[in-house]
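One-letter residues, chain by chain:
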Amino acid sequence: MSKTEKLREKINEIIRAEESWEAVGQTPMPRVTDLRNWDFRLMKTYRPFYAPFCDLCCLCNFGKCDLTQDRKGACGIDMATQQARMILIACLMGAAAHGAHGRHLIEHLIEKHGEDYPLVLGDQVNVEAPIIRTVLGLKPQTLGDLRKAVEYVEREFIHLVAATHTGQEGSNLDYESKAFHCGMLDHVALEACDLAQITGFNYPTSVVETPLVELGWGTIDRTKPVILLVGHNAAAANSMTDYLRKNNLLDQVELAGICCTALDATRYNAGAKVVGPLAQQRFFLKTGLADVIVTDEQCVLTDIPALAGETGAALIAWSDKICYGLDNVTEKETDEIVKMIVAGEKKQVLVLDSDKAAEVAVKVALALAPARKKFILSPAQAVEIAGRCREKCEKCHQNCANLLPVGTAVSRAGEGDLEPLAKLFRKCVGCGKCEEVCDFNLPILKLMAAAASAEKYKVRVGRGPIHDVEIRKVGSPIVLGTIPGVVLFAGCSNYPDIGDVAWMAEELARRKYIVCLSGCAAMAAGMYKDAEGRTIYEKYPPSFDAGGVLNVGSCVSNAHVVGAAIKIANIFANLPSRANYELIADYILNRVGACAVVWGPYSQKALAIGTGAIRWGIPLLLGPHGAKYRRLFMSKKEYDDWTVIDGRTEQLVDTREPTPEHMAIVVETRERALLTIIKLCMRRNDTAPGRAIKLHQYISVYKEHLGTLPDDLQNFVRTERDAPLVYKKEVLAYLNEVGWQPKPTLSLPTIIGTYETKVPVSATVK
């Protein structure tokens, strides 16, 4: 038996290949290079474009090496390859964070329930793990099967990390292919993680209309003991809820959170409060409202011990990812730890047991809260303090990451006008650089909080997977284009303005796009009200249907939106997904009008998620700070090769239409983002009525914000039937003016067959 045959035998054993739910496809548990040809085919049309954040390579002791002006490093690496290597490193950091999170939760839940504990997602979800099915070829049935998925991720990781060492890979395209592989692994980890917590914690599933829960600082009842959860792993938060329920304390303690732990805590306990996205972390911590701060992992401020010390709050860290140099008291008895903290002997401790940390947190909060004085600066106090500002130095806004007019706003506050500070609060990312440079030591973040902290909002509890029945209903209109697109707002809160996400989500929902949100984006979308005081979650239905607005859950729930695209291919189009990555990704690329948006990118996790989406054939739009990721995937529009195979005739056809136009692009304004999202949802498979609907949206938005017809309209009109009825006369006149010629239309376009692959073109037709 050859090595290849032995490996395949081992894989068949892991994925239980003998199970007959589908035949095993071409790439079960793909290795680093198994999907390389697919990646290279994507990059043939969408070439990497690099914008170096740093011109040097400082990774080994040969350097540092200047790579500008076509110079090479001492090891021979060039600028493009170095940029691609840094992107792979960043993707590995992000995917490792998700993978380790998943590994911890799966082990934690296996310890509680056993590895044979069945995955139960309700009667509306039969395709339980579309990503794991497609990538691994495994149909997970138990928590133990999810452990297999994470072990596969870990096995691939070591090869990818090794490739970043000096003297390894020498091609930027191969580094990008490895980054795609990392992104795909990230999605496997995301899905495994969320499925584990859905089934292990009994989170909502097979439910469309999940409860609305409270969001915003104004919802926090400061008269109660307040426990603040920060991070992404809700294991301790859910243990706190269990302890509070068991001891009839649920109404006596305020359980609130920042970032994804908060969202996941509400999936377990609808009475938990969501303070806001990660950008508000420093703001809230500085208020001192929290009696106990409990940190877990990912996107947690590294100076929380100092912030907790300033306000007199207790701090309990329970994850091995974040230990803060604290004393490990895990082996001590619970009451001994509580006594130690309450007495002030050690007010900040490491407890590497989520259940014990939860009980300690509740007991400490109950003991400390009565003696603490919790208040937020009043507007009058803010005006008095702001009066010390001399503005002329301008250091605060010169050091602002978003160049916000901080000094002017503080100066106006000193004159009694707090409105400019309140507006800044919606744009501030809470880095605190303004305070660091202030010569007058003004507590600028507290001043902003005083101006804007009393708001109360609503956010819908994360619903988890998209149901199979919903896919059957919308599969056809999405593929034909009559539902114009599915848009996922994911990622972090490094926004130009926190109101942008809500604005874009509403613009798309009222134009009948399906809008999905997750993580900080889901929170930000809820932090805006219309004139009647309603948030977007109160205005639009929560179903996966035209005009629906869904909160799928925390960061790890992003997997369900990619999963929905896979389900469209698998359930609606009846394509076999089992270990058929290329077949499914090709279908999504050419027929599913989906787009991912990371409007406030800051973390490596968001880069990993976005890079994974691109490999699935889902274009990625990034907000202004996305340029700092260093790399885009852009086409040259009409000048590129847009040849595909007609699946019915198996003949090459030059479609001459750039759809999707790009696979990763940065835009600077929300208006330009809206236009770009609409274009990125166009697909070659659109029927004439479907394309007319999409073009109607494109033209109407373009006219509304730029006042004319789009100057690239000729790229997306294939025949006169594509021209939307309302604008038909105007569009045809424009097309005639620019010398437009009709383009071929296809009902089964595919790039399978345009590159070397084991997947036959016939497999794309069912």
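Residues numbered from 1 in each chain as written. Predicted model: local features only at pLDDT ≥ 70, side-chain atom pairs only at ≥ 80, totals over all residues. Heavy atoms only, no water.

Quick look at the domain arrangement of the chain now. For the chain, the domain assignment lists domain 1 (24-201), domain 2 (217-371), domain 3 (379-442) and domain 4 (464-764). Domain 2 and domain 4 are separated by 39 Å when their C-alpha centres are compared. Tallying the contact residues gives 14 residues for domain 2 and 17 residues for domain 4. Here domain 2 packs against domain 4, burying approximately 1100 Å² in sum over the two surfaces, 70% of which is carbon and sulfur. Three residues, Leu-263, Arg-267 and Pro-277, lead the burial of domain 2 against domain 4; their summed loss comes to 42% of the area buried on that side. (Domains from an automatic or database assignment. Contact = heavy atoms within 4.5 Å. Buried area = accessible area lost by both parts, 1.4 Å probe.)

Now for the nonpolar core. Among the nonpolar cores identified, the biggest contains 270 residues, and Ile-227, Met-240, Phe-489, Phe-544 and Trp-616 are the most heavily contacted of them. Ranked by residues supplied to this core, first place goes to helix α6 (residues 172-200) with 13 residues. Not counting residues up to four positions away in its chain, the partners in contact with Phe-489 are Val-501, Met-504, Ala-505, Leu-508, Val-515, Cys-516, Leu-517, Ser-518, Ala-521, Val-597 and Ile-677. One finds Cys-65, Leu-67, Ile-77 and Met-79 within the second-largest nonpolar core, a separate group that totals five residues. (Core = buried A, V, L, I, M, F, W, Y, C linked by side-chain atoms within 4.5 Å. Buried < 20%, exposed > 50% of the residue type's maximum accessible area, 1.4 Å probe, protein only. Helix = DSSP H or I, 4+ residues; strand = E, 2+ residues; numbered from the N terminus.)

Another point: the environment of Arg-578. Mapped onto the elements of the fold, Arg-578 is located in the loop between α23 (559-572) and α24 (581-591). Distance in space between the C-alpha atoms of Arg-578 and Val-701 is 40 Å, their sequence separation being 123 residues. A polar atom in the side chain of Arg-578 sits 3.1 Å from the backbone oxygen of Arg-16. (Polar contact = N/O pair within 3.5 Å; in protein donor to acceptor, adjacent residues only side chain to side chain.)

This part takes up unusual backbone geometry. A negative phi angle characterises most non-glycine residues, just as the trans form characterises most peptide bonds. Omega for the bond connecting Gly-63 with Lys-64 falls within 30 degrees of zero, at 25 degrees, which places this linkage in the cis form. Along the chain, Lys-64 turns up in the loop between β2 (56-57) and β3 (65-66). In this structure, the amide linkage connecting Thr-659 to the following residue, Pro-660, adopts the cis form with an omega of -15 degrees. Position of Pro-660 among the secondary structure elements: in the loop between β19 (651-654) and β20 (662-666). Phi at Ser-206 takes a positive value of approximately 60 degrees, unusual for a residue other than glycine. Looking at the element boundaries, Ser-206 is found in the loop between α6 and β4 (212-215). Residue classification places Ser-206 among the buried positions, given a relative accessible area of 17%. Not every positive phi belongs to a glycine, and Cys-299 is a case in point at roughly 60 degrees. For Cys-299, a relative accessible area of 15% puts it in the buried group.

What follows is about the packing of aromatic side chains. Any pair of aromatic rings gets described here by the distance separating the centres and the angle formed by the planes. With the rule as written, the count across this model stands at twelve aromatic pairs. When the ring of Tyr-581 is compared with that of Trp-616, the centres are 4.3 Å apart and the planes differ by 35 degrees; the resulting orientation is tilted. Placement of Tyr-581 in helix α24 and of Trp-616 in the loop between α25 (604-615) and β16 (620-622) is noted, with a sequence separation of 35 residues between them. Joined through ring pairs, the aromatic side chains of Trp-217, Phe-283, Phe-284 and Phe-425 make up one cluster. Sitting above the plane of the Trp-21 ring, Arg-133 keeps its charged end 4.8 Å from the centroid. A cation sits over an aromatic face here: Arg-245 above Tyr-268, 5.5 Å from the ring centre. (Phe/Tyr/Trp six-rings, centres within 6.5 Å; stacked < 30°, edge-to-face > 60°. Lys NZ or Arg CZ within 6 Å of the ring centre and 35° of its normal.)

Read from one edge of the open sheet, three strands run β19-β18-β21, paired in antiparallel fashion. Edge positions in the open sheet fall to β19 and β21 (749-750), since each of these has one partner strand only. Where strand β18 (residues 643-646) and β21 come together, two bridges link them in antiparallel fashion. Bridge pairing in β21 places Asp-646 opposite Pro-749. (Pairing = 2+ DSSP bridges.)

Counted according to the given criterion, the structure contains 54 salt bridges. Here Glu-19 makes a salt bridge to Arg-16, at a shortest N to O gap of 2.6 Å. One salt bridge connects Arg-31 with Asp-34, and the closest N-O pair in it is separated by 3.7 Å. Residue Arg-31 is classed as partly exposed on the basis of its relative accessible area of 39%. Its relative accessible area of 30% is what places Asp-34 among the partly exposed residues. (Salt bridge = Lys/Arg side-chain N within 4 Å of Asp/Glu carboxyl O.)

Here we come to the sheet that holds strand β17 (residues 631-634). Strand order across the open sheet formed by eight strands is β1-β17-β20-β16-β15-β12-β13-β14, with mixed pairing between neighbours. Lying at the two open borders of the sheet, with one neighbouring strand each, are β1 (47-50) and β14 (549-553). Each strand of the sheet is rotated relative to its neighbour by a mean of 25 degrees, with strand direction disregarded. The pairing of β1 with β17 spans four bridges and is classified as antiparallel. Paired with Pro-48 across the two strands is Phe-633, which belongs to β17. (Axes fitted to C-alpha atoms, helices over the stretch in contact; angles between N-to-C directions.)

Right, let's talk about the environment of Lys-64 for a bit. Since its relative accessible area comes to 63%, Lys-64 is described here as exposed. Between the alpha carbons of Lys-64 and Gly-167 there is a distance of 15 Å; along the sequence they are 103 residues apart. In this view, Lys-64 contacts Leu-56, Cys-57 and Cys-58; residues no more than four positions away in its chain are not counted.

On to helix α28 (residues 728-737), then. Along α28, the residues that are buried comprise Val-731, Tyr-734 and Leu-735. All buried residues of α28 lie within an arc of 100 degrees about the axis, which places them on one face of the element. The exposed set on the far side of α28, more than 90 degrees from its buried face, consists of Lys-729, Asn-736 and Glu-737. On its buried face, α28 sits against α27 (688-706). Immediately beyond the C-terminal end of α28, within one or two residues, lies Gly-739, with a positive phi of roughly 75 degrees. (Arc of directions from axis to C-beta.)

It is worth spelling out empty space enclosed by the protein at this point. Enumeration according to the criterion identifies ten cavities of 30 Å³ or more in this entry. Approximately 170 Å³ is the volume found for the largest cavity. Of all elements in the fold, only α6, β12 (486-489), α23, β15 (594-598) and α25 reach the threshold of two or more residues within the lining of the largest cavity. In terms of residue count, the dominant contributor to the lining of the largest cavity is α23 (six residues). Here the residues of the lining of the largest cavity sort into 18 nonpolar, three polar and no charged. (1 Å grid on protein atoms, 1.4 Å probe; cavity = no way out; pocket = protein on both sides within 12 Å on 5 of 7 lines; lining within 4 Å. Points joined across faces, edges and corners; volume = space filled by probe spheres on them. Nonpolar A, V, L, I, M, F, W, Y, C, P; charged D, E, K, R; others polar.)

This part takes up the side chain of Gln-280. When you line up the elements, Gln-280 lands in the loop between β7 (273-276) and α9 (281-287). Engagement of the side chain of Gln-280 in a polar contact is seen with the side chain of Trp-217, the distance being 3.1 Å. Sequence-distant contacts of Gln-280, defined by excluding residues within four places in its chain, comprise Trp-217, Ile-258, Val-275, Phe-425, Ile-498 and Met-527.

Time to look at the pairing of β17. Two strands pair when backbone bridges link them, and β17 and β20 are joined in this way by two bridges, in the antiparallel orientation. Pairing of Met-634 across the sheet is with His-662, part of β20.

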